[in-house]
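Commentary on secondary and tertiary structure
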Amino acid sequence: MSTRLTTATASRTTYHHNHHRTIRSRYSTAVALLTTLVAASSSSSSTTLARAFSTGAATRHHYHSLPKVNCNSNSVGFGNEALISLSARGGGSQQFKQHIKQHRQFGPSLFSTTAIEETTTATMDDVKLSASKMSAEEKLSKMREKMAEWGVDVYLIPSDDPHLSEYVPAAYMRRGFLTDFHGSAGTAVVTMTDAYLWTDSRYFNEASLRLDSKHFTLMKQGQPNVPTITKFLSEMATNYYNDQQSTNGEEGGGEAKKKKVLRVGLDPYVHSASFAKELNEALADAAGEVLANGNDGEELREIAVIDTLDGKPNLVDAIWEGRPALPKNPFRVQPMEYAGVSVFDKVNKIRSEMTEKKASLAVFSALDDIAYLFNVRCMGDVETCPVGIAYATISQDEVTLYCDEEKVQPADVMEHLKEANVAIKPYGEVVSDIQSHLSSNSRNKVWLDNTRSNYAISRVIPTPSLIDAQNAVTPMKACKNPSEMEGMRRAHIVDGAAMANFMAWLEQTIVVEGRAVSEVEIDEVLTGYRAQQPGFKEVSFPTIAGVGPNGAIVHYRAAEGSDLLKYLDRTNPILIDSGGQYEYGTTDVTRTWHLGEPSEEFVDMYTRVLKGNIGVDTMIFPENTPGFVLDVFARKALWEIGKDYGHGTGHGVGAALNVHEGPHGISPRWTNKEVLKEGMVTSNEPGFYDDGNYGIRIENLLEIVDVNGSDNSGDEPINKKQKTDSKQFLKFAKLTMIPIQKSLIDVGIMTEAELDWLDAYHEEVLQKVSPLLEVGSPAMNWLVKSCEKIERKKN
């Protein structure tokens, strides 16, 4: 999944929760089986439906806890709890389709990327529904009324929650509610007369389609003549100050009026500490420039101030009727066979580093850091991310988890945390506890990563007491231990089996049956095949299934009823970027398919994207190489013909955690100097996008291994150190086990070494995935054919 890793801004701590139903533990498996019925639903005969059961989910040797088929009640469900009523005597297909249609009225259906395990947690679709009840003009008008009432001239609305999450609970989708743009990155700025949205190149296309251009101006980050938000606000403050006219009374008599400063309103819980610092510095520099240029003799201290509006709610909340409440879903314990390192050992390592830094307290805000630290996961708090809402602190004598009590109610979770000597405190007490820690001893120092912490926490720590540095969990989490890496390998093999089943279905449907398939159905069926795999929890991000021109929208999300929704047939390509959250690992893969006759231009571009993927994959590089050094190899074949793509080439991926994980990445942004290390996982996803026509992206996940060590077969420990000429050299080993479409490749511009790479990769895919498929099944036949050696041009 393509990403541009940027410094995040965060969201608010004070909120109200609602209660949720218990997650149905076997819901995913039921969805998998029911999705198998979609393919059979074109026939209403009981024979066809029965075949769907016998050849679908029920025959896989590793399926477990399948839902019962209650023949007496003609229903599929959990014992007496029916999910869907099916008539085995005819008409069942129509009834099944009608049930799906009913579930689609509020967005993705029962089988979509947002509903694999049932909770009452609100989703983005609830936000879209509530946002649609008010026009942009109405929302901005109400915003400005509140701004005037509360005395601010500008208000900032970022994407994030209090934990700087990329994906946030629906209650924190304030920017999405206000702008109707729902990409994962973007900040809105509202003044008394204008409104703006900043976002990065992944979302230029989508934002231009979603924004009401009469009321919002799209600010394309990184483009020429587009200022950063801090630069924009500092220039605005200067103009605001200079444009005011100092008068001496009504006719020039009396004392001059003092000029007003620009008041920039923001919620300290929804902005990162580093952003607040950057903004304060930019406004101070602007004041200095005004002073240097003369200011009519006034004693100038500031021309703008940040107003956090303490004691007031987030300004968007004040106008958002029906804002969703935040979830309280319970944690689950991540077994040691997948976690690999105990909480006790992780805490000891952190305490050792705290001693080196002379820190008395370490604070953790990022949700994936906390999930990793305590070996817990959570379903439903944040869509597609197995993390729960919480903070954590570690001192030399106490470890504290700050969360709602519902999150630790399961007996095994409570016992797990008790064994690790973890104290549980209310979520809202973290700030006051940090203040108490500092006041208890003047020599106490707090270790806090300002780039991963919100301003509300950072501002209570005096600068002399702050150790602002990357926290200890970040590098631990980035370099997977052997158990985590083994889980990642396993996840990608079962993911390959899911994709083989899906592609066999897709080819049968499109090529043989000649039926056009909507992007939504493609999402549903693919998710259903993933749900058949053991340990599947949910998708790792909302599936991107873009037909034709929608493939050029980098983070496109299909929805029923959308004007953009398209159907796949043999005339257009489709870009599918998808992944799964398994109990033991996380996957993320992009493939671009064309089941008809592609144009010569498309084949040329596809081949150049593939060459870029191979270029990165085959690199050997010395230890301590930052990711940006490798980026050029992904773009070389495109640059040769004057083409490029706007997103990064690679991002880190968590082990049964977030699909986007820092601190490393591969992109042209040289400012990220994090070095690549053994044990890290990164995506490799060059692409090309022809707006209005098509998009191409080929993405594999890779693990970083020692060049003289083993490949990803697991024969040698991942952390075994071997040196070459006294320096360690590294290479990539493939995790993704999904074929690449050979018929889209122009072998004439491929080198022999590149073709050898493709054949070797397909041989590895076949060897690892085929044991999970039945001999003679459509999925096996598709896999074998797809993994045949590519036909080369004869001399």
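A short tour of the structure in this document, coming up. (Residues numbered from 1 in each chain as written. Predicted model: local features only at pLDDT ≥ 70, side-chain atom pairs only at ≥ 80, totals over all residues. Heavy atoms only, no water.)

**Details of the overall build of the protein chain**
On a plain count of helices and strands, the protein chain comes out with 22 helices and 33 strands. Looking at the protein chain as a whole, 60% of its 795 residues qualify as buried. Split by element, the accessible area of the protein chain, about 32000 Å² in all, is 48% carbon and sulfur. (Helix = DSSP H or I, 4+ residues; strand = E, 2+ residues; numbered from the N terminus. Buried < 20%, exposed > 50% of the residue type's maximum accessible area, 1.4 Å probe, protein only. Areas by Shrake-Rupley, 256 points an atom, 1.4 Å probe, with all protein chains shown as cover.)

**Re the sheet that holds strand S25 (residues 589-594)**
With antiparallel pairing, the 3 strands of this open sheet are ordered in space as S20-S22-S25. Edge positions in the open sheet fall to strand S20 (544-547) and S25, since each of these has one partner strand only. Averaged over all pairs of adjacent strands, the angle between their axes in this sheet comes to 10 degrees, without regard to strand direction. Of the strand pairs in this sheet, S20 and strand S22 (residues 573-578) are connected by 4 bridges, and their pairing is antiparallel. The residue bridging Gly 546 from the neighbouring strand is Leu 575, located in S22. (Pairing = 2+ DSSP bridges. Axes fitted to C-alpha atoms, helices over the stretch in contact; angles between N-to-C directions.)

**Observations concerning a negative patch on the surface**
Among the surface-exposed residues, Glu 278, Glu 281, Asp 285 and Glu 289 lie close enough to one another that they form a single negatively charged patch. Inspection of the secondary structure assignment puts Asp 285 in helix H9 (residues 273-292). (Patch = residues over 30% accessible without salt bridge, like charges linked within 9 Å, V, L, I, M, F, W, Y side chains within 5 Å. Salt bridge = Lys/Arg side-chain N within 4 Å of Asp/Glu carboxyl O. Lys, Arg positive; Asp, Glu negative; His and termini not counted. Charge placed at Lys NZ, Arg CZ, Asp CG, Glu CD.)

**What to know about helix H18 (residues 519-531)**
Residues lying three or four places apart along an α-helix face the same way, a consequence of the helix completing one turn every 3.6 residues. The end-to-end C-alpha distance of H18, which contains 13 residues, comes to 18 Å, matching closely the 18 Å that a straight helix rising 1.5 Å per residue would cover. The buried fraction of H18 amounts to 13 of the 13 residues, a majority that puts the element mostly inside the structure. (Expected span 1.5 Å × (residues − 1).)

**Quick notes on the packing of helix H8 (residues 229-243) against H9**
As a packed pair, H8 and H9 sit with axes 9 Å apart at the nearest point and diverge in direction by 35 degrees. The handedness of the crossing between H8 and H9 comes out as right-handed. Between H8 and H9, the contacting residues are Ile 229, Thr 230, Leu 233, Ser 234, Ala 237, Thr 238, Tyr 241 and Asn 242 on the first element and Phe 275, Glu 278, Leu 279, Ala 282, Leu 283, Ala 286 and Val 290 on the second. Looking at the contact of H8 with H9, its residues break down into 10 nonpolar, 4 polar and 1 charged. (Left-handed = near helix turned anticlockwise from the far one by under 90°. Contact = heavy atoms within 4.5 Å. Nonpolar A, V, L, I, M, F, W, Y, C, P; charged D, E, K, R; others polar.)

**Examining the nonpolar core**
Counting 87 residues, the largest nonpolar core has Phe 502, Leu 506 and Ile 522 as its most contacted members. With 12 residues, helix H17 (residues 482-512) is the largest single contributor of residues to this core. Those residues in contact with Ile 522, other than ones at most four positions away along the chain, are Phe 502, Leu 506, Val 517, Ala 545, Leu 568, Ile 574 and Ile 576. In this structure, Val 190, Phe 216, Leu 309 and Trp 320 belong to the second largest nonpolar core, which totals 53 residues. (Core = buried A, V, L, I, M, F, W, Y, C linked by side-chain atoms within 4.5 Å.)

**Comments concerning the environment of Tyr 645**
Tracing the backbone through its elements, the reader meets Tyr 645 in the loop between helix H20 (631-639) and strand S27 (650-652). Taking the C-alpha atoms as reference, Tyr 645 lies 9.2 Å from Ser 201; in sequence the two are 444 residues apart. Here Thr 649 takes part through its side chain, which lies 2.5 Å from a polar atom of the side chain of Tyr 645. (Polar contact = N/O pair within 3.5 Å; in protein donor to acceptor, adjacent residues only side chain to side chain.)

**Topic: the environment of Glu 278**
Mapping Glu 278 onto the fold places it in helix H9. Using a relative accessible area of 39% as the deciding quantity, one classes Glu 278 as partly exposed. When the C-alpha positions of Glu 278 and Lys 231 are compared, they lie 9.9 Å apart, and in sequence the two are 47 residues distant. A distance of 3.2 Å separates the side chain of Glu 278 from the side chain of Thr 230, its partner in a polar contact.

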